[in-house]
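One-letter residues, chain by chain:
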Amino acid sequence: MPLPEPRPGLVIRYDYLWSREAAAGQDQGKERPACLVAAMDSVASPRFVVILPITHMPPDKDTVGVEIPAKVRQALVLDDAPSWVIVSDHNVDEWPNGGLAPVPGRPGTYGYGFIPPGLFAKVKAKFLEQSGQGRSSGVRR
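S.K.: Could you give an account of the side chain of histidine 90, with specific residues and numbers?
M.R.: Of note, histidine 90 is situated in strand 6 (residues 89-95). Apart from residues lying up to four places away in sequence, histidine 90 is in contact with Tyr16, Val50, Ile51, Leu52, Phe127, Ser136, Ser137, Gly138 and Val139.

Structural data, given as structure tokens:
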């Protein structure tokens, strides 16, 4: 099965590299169970995407996130634990890239599906707010 088009709102499996990990000299991250494609440049070649991490760790004083409702987690077939899209940290990577991994138990499938448009709008607004205030750390991969 071919890789999905990297449209905003797509939830993928990806080896996300946190900014703090990159600052410590790491060049590869932990394979995240899920990450969110937040933006893409369909005109540029190579094509780049902005990827946000999804984590079970609730936001703290250093991070900003948007909680994913249980109903959405269930629709995407994510686990039952509470999860947040972190908007204060992001990766910019080419598409396709070596950090993509198939969804467990679904060989050849790289996407879990899409978050609902209303939730994506909330994530996008928070991400743009953080970026506009210089409070979003990014790693170019």
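Now that the structure is up, let's keep going.
S.K.: With reference to specific residues and values, describe the pattern of salt bridges.
M.R.: Applying the stated criterion across every chain yields a total of 3 salt bridges. In this structure, aspartate 15 engages arginine 141 in a salt bridge whose closest nitrogen and oxygen atoms are separated by 3.4 Å. A residue pair is termed long-range when its members are at least 10 positions apart, and aspartate 15 in strand 1 (residues 10-16) and arginine 141 in the segment after strand 8 (137-140) qualify at 126 residues. The exposure class assigned to aspartate 15 is buried, which follows from its relative accessible area of 9%. With its nearest N and O atoms 3.2 Å apart, the salt bridge here joins aspartate 62 to lysine 61. Neither aspartate 62 nor lysine 61 differs from the other in exposure class; each is exposed.

What counts, and at which threshold
Residues numbered from 1 in each chain as written. Predicted model: local features only at pLDDT ≥ 70, side-chain atom pairs only at ≥ 80, totals over all residues. Heavy atoms only, no water. Helix = DSSP H or I, 4+ residues; strand = E, 2+ residues; numbered from the N terminus. Contact = heavy atoms within 4.5 Å. Salt bridge = Lys/Arg side-chain N within 4 Å of Asp/Glu carboxyl O. Buried < 20%, exposed > 50% of the residue type's maximum accessible area, 1.4 Å probe, protein only.

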